[in-house]
Amino acid sequence: MATRPVNFSPGPAILAPPVLEQAARAVVALDGVGLSILEISHRSATFEKILADARDGIRRLMGVPDTHEILFLQGGARGQFAQLALNFLKPGVAGAYVDTGAWSRYALEEAGTLGETYALASSKEQGYTVLPPLAGLAPRAGTGFVHTTSNNTIYGTQWQDLPDFGDVPHICDMSSDIMSRPVDVSRFKMIYAGAQKNAGPSGVTLVIIDRDFMESARKDIPKIWQYRIQAKKGSMFNTPPTFAIYAVGLVTQWLEAQGGVPGITAVNEKKARLLYDAIDGSDGYYKANVAAWEHRSRMNVTWRLTSEELEKTFIAEAGAAGLSSLKGHRDAGGLRASLYNQLPLEGVERLVEFMQAFKKSH
Ligand SMILES: Cc1ncc(COP(=O)(O)O)c(C=O)c1O
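Nothing here was measured: the structure is a model prediction, and the numbers come from that model.

Draft legend 1. Spatial organisation of the domain arrangement of the protein. The domain architecture assigned to the protein consists of domain 1 (18–257) and domain 2 (259–361). Relative placement of domain 1 and domain 2: their C-alpha centres are 27 Å apart. Tallying the contact residues gives 25 residues for domain 1 and 24 residues for domain 2. Those elements that provide at least two residues to the side of domain 1 that touches domain 2 are α2 (45–62), β6 (151–152), β7 (157–158) and α7 (242–257). Its residues placed into classes, the side of domain 1 that touches domain 2 shows ten nonpolar, eleven polar and four charged.

Here you go:
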């Protein structure tokens, strides 16, 4: 573990060594059971407890109120783009989307195949390097929900104050910053996230949903896509992704040991400050894609060098120095460091040292 590269991958992303070690042991045999997590029935008392522990961990960490269900589903966040539309778009009921990046746009387009959708605001024209102003914008009559993306993984913007749309239900894709900072869950009718960035491995999608909102959904769609059915069946209408749920439970335990969400928020702020300061203090050698601190993501920091050639050299030399997965997304280009919860501060310190040395030598 000591010689592992620092993993800046945008997802599937870094997992803390204690999580990996415990997960590896459980793949061979669960403590006190003797069988692998991969081979026990999801109906067994052992797995029911694993799922309940993971759910309770999320409830405690995020302060999820009793009004909301926590579901473990499959199909990733993209699956949710479609599932939420299937449930909540109806004839005469539209979905409003705040378009802050490629993932928001995919969410809007996917839902658009199932019903009426529109962009309430967009920062597409600014290359998604800012968040669009929302003051004075109201969803039009007949809007069933407003959809936002809390953190834009590709471009590196993040809502520091998540917007409020009054009485119109707010659905938020928190795939790339869930459990990385305090969020008042009661303000949202639904939150969802692919687990593979902050919450665990790929294969499980977290959905936190208000029960009354869930009950207002369509009932004339296949059962497998109804949140209500999955809630009634304790996320076991179909066989759930047992290993991924187990690993999410381990991540919640790890997170509690770091002082929970307040503890990890402090570390996340420090990591982001350190890296943005290194970029901003480089006399223009490095240039952040997102200028304003209040729009800057604490999770995905994106920046450029003066030429694509130099960026390629940077990525190659960083890789050789044990700093892995720093290539930016093809839509944004340049470099991206993902600083999710389980990436330690020392990882960013090593990156910053490397950046200073690289600047001197190139
Ligand atoms: C904000 C956001 N939403 C959605 C997705 C898509 O997630 P999935 O691959 O789980 O469908 C991603 C993936 O990076 C993302 O960052």
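Once the structure has been displayed, the description carries forward.
Draft legend 2. Structural context of the site of the ligand. Taken together, the residues surrounding the ligand are Gly11, Gly76, Ala77, Arg78, Trp103, Thr149, Thr153, Asp173, Ser175, Ser176 and Gly194. Here the shell around the ligand gets three residues from one element, more than from any other, and that element is helix α3 (residues 76–88). In the shell around the ligand, the residues fall into two nonpolar, seven polar and two charged.

Draft legend 3. Fine view of the packing of helix α1 (residues 17–28) against α7. Direction vectors running N to C along α1 and α7 enclose 145 degrees, while the axes themselves pass 10 Å from each other. Crossing hand, α1 versus α7: right-handed. Residues Pro18, Val19, Gln22, Ala23 and Ala26 of α1 form the contact with α7, whose participating residues are Tyr246, Ala247, Leu250, Val251 and Trp254.

Draft legend 4. Molecular detail of the sheet that holds strand β14 (residues 335–338). Strand order in the open sheet formed by three strands is β11-β12-β14, with antiparallel pairing between adjacent strands. Bordering the open sheet on either side are β11 (287–288) and β14, each of which pairs with just one other strand. Pairing of β11 with strand β12 (residues 300–304) involves two bridges; the strand directions are antiparallel. Bridge pairing in β12 links Lys287 to Arg304. Helix α8 (residues 260–280) contacts β11, β12 and β14 of the sheet and is inclined by roughly 10 degrees relative to β12.

Draft legend 5. Spotlight on the sheet that holds strand β4 (residues 117–122). Reading across the sheet, the seven strands line up as β2-β10-β9-β8-β5-β3-β4 and stay open at both edges, with mixed pairing between neighbours. Since the sheet does not close on itself, it has two edges, and those belong to β2 (68–73) and β4, each with one partner. The average angle at which neighbouring strand axes cross in this sheet is 20 degrees, direction not considered. Note: strand β3 (residues 94–99) against β4, five bridges, orientation parallel. Within the sheet, the bridge partner assigned to Tyr97 lies in β4 and is Ala119. Strands β3, β5 (143–149), β8 (170–173), β9 (190–194) and β10 (205–210) of the sheet are contacted by α3, whose axis makes an angle of about 150 degrees with β9.

Draft legend 6. Summary view of helix α10 (residues 345–361). An ideal rise of 1.5 Å per residue puts 24 Å on 17 residues; α10 measures up with 25 Å between its terminal C-alpha atoms. Along α10, the residues that are buried comprise Gly347, Val348, Leu351 and Met355. Down the axis of α10, the smallest arc covering the buried residues is 90 degrees, so these residues share one side. Relative to its buried face, α10 has exposed residues pointing more than 90 degrees away, namely Glu346, Ala357, Lys360 and Ser361.

Draft legend 7. A look at the pairing of β2. Among the six residues in β2, six count as buried, and that is most of the element. Side-chain alternation along β2 places His68, Ile70 and Phe72 on one buried face and Glu69, Leu71 and Leu73 on a second face that is also buried. Sheet topology note: the β2/β10 ladder contains six bridges and is antiparallel. Bridge pairing in β10 links Ile70 to Ile208.

Draft legend 8. Main features of the pairing of β10. Counting buried positions along β10 gives five out of six residues, so the element sits mostly inside the fold. As judged from the five bridges shared by β9 and β10, these two strands associate in the antiparallel manner. Each residue of the ladder has a partner; that of Gly194, found in β10, is Thr205.

Draft legend 9. Focus on the environment of Arg350. Among the structural elements, Arg350 can be located in helix α10. Distance in space between the C-alpha atoms of Arg350 and Ala24 is 27 Å, their sequence separation being 326 residues. The residues touching Arg350, leaving out its near neighbours within four places in the chain, are Val6 and Leu323.

Draft legend 10. A look at the environment of Thr129. Residue placement: Thr129 occurs in the loop between β4 and β5. Under the C-beta neighbour-count criterion, Thr129 is labelled partly exposed, with 19 such atoms within 10 Å. If near-sequence neighbours (up to four positions away) are discounted, Thr129 is found in contact with Tyr155, Asn289 and Val290.

Cut-offs applied
- Residues numbered from 1 in each chain as written.
- Predicted model: local features only at pLDDT ≥ 70, side-chain atom pairs only at ≥ 80, totals over all residues.
- Domains from an automatic or database assignment.
- Contact = placed C-beta atoms within 7 Å.
- Helix = DSSP H or I, 4+ residues; strand = E, 2+ residues; numbered from the N terminus.
- Nonpolar A, V, L, I, M, F, W, Y, C, P; charged D, E, K, R; others polar.
- Near = placed C-beta within 6 Å.
- Axes fitted to C-alpha atoms, helices over the stretch in contact; angles between N-to-C directions.
- Left-handed = near helix turned anticlockwise from the far one by under 90°.
- Pairing = 2+ DSSP bridges.
- Expected span 1.5 Å × (residues − 1).
- Buried ≥ 20, exposed ≤ 12 C-beta atoms within 10 Å, placed from the backbone.
- Arc of directions from axis to C-beta.

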